[in-house]
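Report on the structure
What follows is the residue order along each chain.
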Amino acid sequence: MNAEDRRRRFVAAPAPVVLPSLLGCDFARMADVLRTLENADVVAVHLDVMDGHFVPNLTYGPPLIAAWRPYSNLVFDAHLMIAEPRRYLDAFLEAGCDQITIHIEAVGQPQDLIHALRAAGARVGIALNPPTPLEAITPHLDAIDQVLIMSVMPGFGGQSFDPTVRPKIRALRALRPQIEIAVDGGIKPSNAAQVVQDGATHLVVGSAIFGDPQGPAAAISQIRQAARATGEIHG
Ligand code: DX5
Ligand code: ZN
């Protein structure tokens, strides 16, 4: 499947879309992990890229993403928790990322990054941390594909969902009825319906998938079911 087809499948996927976050998974068997996710009707994976500067943790970068690319038809959404993302955009694009999500806290003025990503034909996301007000990104909403609302401070999986971000999800949904809203951090079957009701269309999930003893496929199915148990689905 080429990039155009996998992105088309991603955009066509019915909300709420579950995006497994590759942080707490078995990195020693990534080809198998990606195959298992695709067999569970996943259409995209969320790559948690950390540089030890913007966040106090270090994960992986373009070389590993490039190694995984040939083994998967899933959309690669790189969540760049890094300082100076502009320096590395080309490397992540060449590695095969379909969407690149940058933190507004790392760039301040994202116009040139958005323009560069658009010129490369990539999808564009902007992430904001729990303390960052929605106003920090409202000037850019018409230029991007997705907003990633962090419900934990970035850097680690397995943290608890921060409910103080729920009003931000609702406010963004009210401001832009059609925009993709992803929520990232502490998403579980117990809170998935709430954030969908608030307006989330994409759920980034790490430990509730890869930490579940029943295995990723069953965990994903449980989260999808829980997320849909709400009257109101957006997107
Ligand atoms: C945190 C990452 C999240 C995290 C999600 O910095 O951006 O994607 O891995 O993992 P859980 O679902 O365990 O909070
Ligand atoms: Zn993430």
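Within any chain, residue numbers begin from 1 and follow the written order of that chain's sequence. The lettering of chains begins at A and the numbering of ligands begins at 1, in the order of writing. Only residues with pLDDT of at least 70 are given local features in this predicted model, and only at 80 or more are side-chain atom pairs given and counted; all residues enter the totals for whole chains, interfaces and linings. Side-chain numbers come from the whole structure's heavy atoms, not from hydrogens or water.

Bringing the layout of surface pockets into the picture now. Here the term cavity refers to a set of points on a 1 Å grid, laid over the protein atoms alone, in which a 1.4 Å probe fits but cannot get out; the term pocket refers to an open set having protein on both sides within 12 Å along at least five of seven lines, with lining residues being those that place an atom within 4 Å of a point. Grid points are joined across faces, edges and corners, and a volume is the space filled by probe spheres set on the points. For the largest pocket, the calculated volume is near 270 Å³. Lining the largest pocket are 25 residues, with Ser-21, Phe-156, Gly-157, Gly-158 and Asp-184 positioned closest to its centre. Those elements that place two or more of their residues in the lining of the largest pocket are strand 2 (44-50), strand 8 (202-205) and helix 9 (207-210). Only DSSP runs of H or I reaching four residues or more are called helices, and only runs of E reaching two or more are called strands; each is numbered from the N terminus.

A few words on the environment of Pro-56. Here Pro-56 is to be found in the loop between strand 2 and helix 3 (62-68). A sequence separation of 99 residues divides Pro-56 from Gly-155, and the C-alpha atoms of the two residues are 6.0 Å apart. Only heavy atoms enter the contact rule, under which two residues are in contact if any of them lie within 4.5 Å. In this structure Pro-56 touches Pro-154 and Phe-156, once residues within four positions along its chain are discounted.

What follows deals with the pairing of strand 7 (residues 180-184). Residue exposure (1.4 Å probe, protein chains only): buried if accessible area is under 20% of the type maximum, exposed if over 50%, otherwise partly exposed. With five of its five residues buried, strand 7 lies for the most part within the structure. In short, DSSP must find at least two bridges between two strands for them to pair. Here strand 6 (residues 146-150) pairs with strand 7 via five bridges, running parallel. Paired with Leu-148 across the strands is Ala-182, a residue of strand 7. The path from the first strand over the helix to the second decides the hand: if it runs clockwise while the strands point away from the viewer, the crossover is right-handed. Handedness of the crossover is the feature at issue here: the chain leaves strand 6, passes through helix 7 (residues 166-175), returns alongside strand 7, and the resulting connection is right-handed. As a crossover connection, the stretch from strand 7 through helix 8 (residues 192-198) into strand 8 is right-handed.

Bringing the coordination of the zinc ion (ligand 2) into the picture now. Distances up to 2.8 Å from the metal define which N, O and S atoms are donors, and 3.2 Å serves for Na, K and Ca; water is absent from the atom set, so sites may look incomplete. Protein-derived coordination of the zinc ion (ligand 2) comes from His-46 (NE2), Asp-48 (OD), His-79 (ND1) and Asp-184 (OD), at a distance range of 2.0 to 2.3 Å. Note that the zinc ion (ligand 2) binds six donor atoms; their angles at the metal cover 74 to 175°, and the shape is octahedral. Residue classification places His-79 among the buried positions, given a relative accessible area of 0%. Only four donors with every angle between 85 and 135 degrees are called tetrahedral; only four or six donors with opposite donors over 155 degrees apart and all others between 65 and 115 are called square planar or octahedral, in that order; all others are irregular.

Now for the pairing of strand 4 (residues 99-103). Counting buried positions along strand 4 yields five of five residues, so the element is predominantly enclosed. Inspection of the sheet shows strand 3 (residues 75-81) paired to strand 4 by four bridges, in the parallel sense. What sits directly across from His-79, in strand 4, is Thr-101. Running through helix 4 (residues 89-95), the crossover from strand 3 to the neighbouring parallel element strand 4 is right-handed. Both strand 4 and strand 5 (residues 123-128) contribute to a ladder of five bridges, which runs parallel. Opposite Ile-102, over in strand 5, you have Ile-126 as the bridge partner.

The term salt bridge refers to a pairing of a side-chain nitrogen on Lys or Arg with a carboxyl oxygen on Asp or Glu at a separation within 4 Å. Under the definition given, this model contains 16 salt bridges. Here Arg-29 makes a salt bridge to Asp-32, at a shortest N to O gap of 3.4 Å. Its relative accessible area of 41% is what places Arg-29 among the partly exposed residues. In this structure, the salt-bridge partner of Arg-86 is Asp-112, at a minimum N-O distance of 3.8 Å. Residue Arg-86 is located in the loop between strand 3 and helix 4, and its partner Asp-112 is located in helix 6 (residues 111-119); the two are separated by 26 residues in the primary sequence. Classification of Asp-112 as partly exposed rests on a relative accessible area of 42%.

In short, shape yes, function no, at least from these values alone.
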